[in-house]
Amino acid sequence: MANHLYQNDLPDGLDLGPIVAIDCETMGLNPHRDRLCLIQMSGGDGECHLVQVSKDQSEAPNLVAMLENPDILKLFHFGRFDIAALHHRFGATTAPVYCTKIASKLVRTFTDRHGLKTLLQELVGVDISKHQQQSDWGAETLTPAQLDYAASDVLYLHKLREILDGMLAREGRSTHAQACFEFLPTRAKLDLAGWPDVDIFSH
């Protein structure tokens, strides 16, 4: 495994393949208040590519082109937050997308444990550390431990998706999952527009 750290954007000509696992690190959980600091990506080959975002940055042309490329599937765990953070910072509508947390909730109805650490332990047999989760991602220089933690959130998503896809197909819920994935960018925009906690489908 190798980590490749870039400043402000992906380098020209970098091809991460047809399915890219993505995760974001921010200063907190409110996209309007807490800035986006780091975006980590993997093409499923054991390599992690990380973009450190500067404090006042609003453009990342190569990154946005990948996020909006209709031929590249963007793979998240709890994509609702990351998609919102990316849209708030860069104006990008990330699509098409897949969310392993949604897939897990649709097919693993025997449990309420759908966190990435649990899924990787139970389904992939990998134990990742969450020790750096609440560290200072806005620091000018990120530590090797921070970069390794960030990478662990994307390196195994391709394998996790394969397993969850098999479970969704087995239970006849693949169509429901796909419909949820297609709605996810809109759900993220609703969060940003002021409906994060409102069930718009309720009476």
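Here the structure is shown first, and the text comes after it.
These numbers come from a predicted model, not from an experiment.

Parameters and conventions
Residues numbered from 1 in each chain as written. Predicted model: local features only at pLDDT ≥ 70, side-chain atom pairs only at ≥ 80, totals over all residues. Heavy atoms only, no water. Helix = DSSP H or I, 4+ residues; strand = E, 2+ residues; numbered from the N terminus. Buried < 20%, exposed > 50% of the residue type's maximum accessible area, 1.4 Å probe, protein only. Polar contact = N/O pair within 3.5 Å; in protein donor to acceptor, adjacent residues only side chain to side chain. Contact = heavy atoms within 4.5 Å. Pairing = 2+ DSSP bridges. Axes fitted to C-alpha atoms, helices over the stretch in contact; angles between N-to-C directions. Disulfide = S-S within 2.5 Å. Phe/Tyr/Trp six-rings, centres within 6.5 Å; stacked < 30°, edge-to-face > 60°. Lys NZ or Arg CZ within 6 Å of the ring centre and 35° of its normal. 1 Å grid on protein atoms, 1.4 Å probe; cavity = no way out; pocket = protein on both sides within 12 Å on 5 of 7 lines; lining within 4 Å. Points joined across faces, edges and corners; volume = space filled by probe spheres on them. Nonpolar A, V, L, I, M, F, W, Y, C, P; charged D, E, K, R; others polar.

**Quick look at the side chain of S42**
- Tracing the sequence through the fold places S42 in strand 3 (residues 36-42).
- Assessed through its relative accessible area of 0%, S42 is described here as buried.
- Within the structure, S42 has its side chain in polar contact with the backbone nitrogen of G44 (distance 3.1 Å).
- At 2.9 Å, the side chain of S42 forms a polar contact with the backbone oxygen of E47.
- Non-local contacts of S42, meaning those with residues more than four positions away in its chain, are made with I19, V20, A21, E47, V154, L155 and H158.

**Examining the sheet that holds strand 1 (residues 2-7)**
- With mixed pairing, six strands are arranged side by side in an open sheet as 1-4-3-2-5-6. Each end of this open sheet is capped by a strand with a single partner; those strands are strand 1 and strand 6 (97-99). Each neighbouring strand pair of the sheet contributes to a mean axis angle of 25°, computed without reference to strand direction.
- Across three bridges, the pairing between strand 2 (residues 19-26) and strand 5 (residues 73-76) is parallel.

**Here we look at the state of the cysteines**
- Tallying each qualifying case throughout the model produces zero disulfides.
- Unpaired in this structure, C24 has its nearest cysteine sulfur neighbour in C37, at a distance of 10 Å.
- Of all cysteine sulfurs, the one in C180 lies closest to C99, which takes part in no disulfide; the gap is 9.6 Å.
- Look at C99 and you get buried, because its relative accessible area is 1%.

**Focus on the packing of aromatic side chains**
- Under the defined criterion, the tally for this structure stands at three aromatic pairs.
- Ring centres of W137 and Y149 lie 5.8 Å apart, and the angle between their planes is 35°; on these two criteria the pair is classed as tilted. Separated by twelve residues along the polypeptide, W137 in the loop between helix 4 (116-124) and helix 5 (144-152) and Y149 in helix 5 bring together distant segments of the chain.
- The ring of Y98 is capped by R161, whose NZ or CZ atom sits 5.2 Å from the centre of that ring.

**Focus: unusual backbone geometry**
- The amide bond that connects A95 to the next residue, P96, takes the cis arrangement and shows omega of -10°.
- Structurally, P96 is set in the loop between helix 2 (79-90) and strand 6.
- Residue N8 is not a glycine yet carries a positive backbone phi of 80°.
- According to the relative accessible area criterion, N8 is partly exposed, its value standing at 31%.
- The residue F78 is not glycine, and still its phi comes out positive at about 60°.
- Relative to the assigned elements, F78 resides in the loop between strand 5 and helix 2.

**Quick notes on the layout of surface pockets**
- A volume near 930 Å³ is recorded for the largest pocket.
- For the largest pocket, the lining is made up of 33 residues, of which L29, F78, F81, D82 and Q133 are closest to its centre.
- Considering every element that reaches the lining of the largest pocket, the biggest residue donor is strand 2, with five residues.
- Considered class by class, the residues forming the lining of the largest pocket number 14 nonpolar, nine polar and ten charged.
- Taken as a whole, the second largest pocket encloses approximately 270 Å³ of empty space.
- F78, G79, R80, C99, K101, I102, K105, C180, F183, L184 and R187 are the residues that line the second largest pocket.
- Sorting the residues of the lining of the second largest pocket by element identifies helix 2, helix 3 (100-107) and helix 7 (174-193) as the ones contributing at least two each.
- Of all the elements, helix 7 adds the most residues to the lining of the second largest pocket, at four residues.

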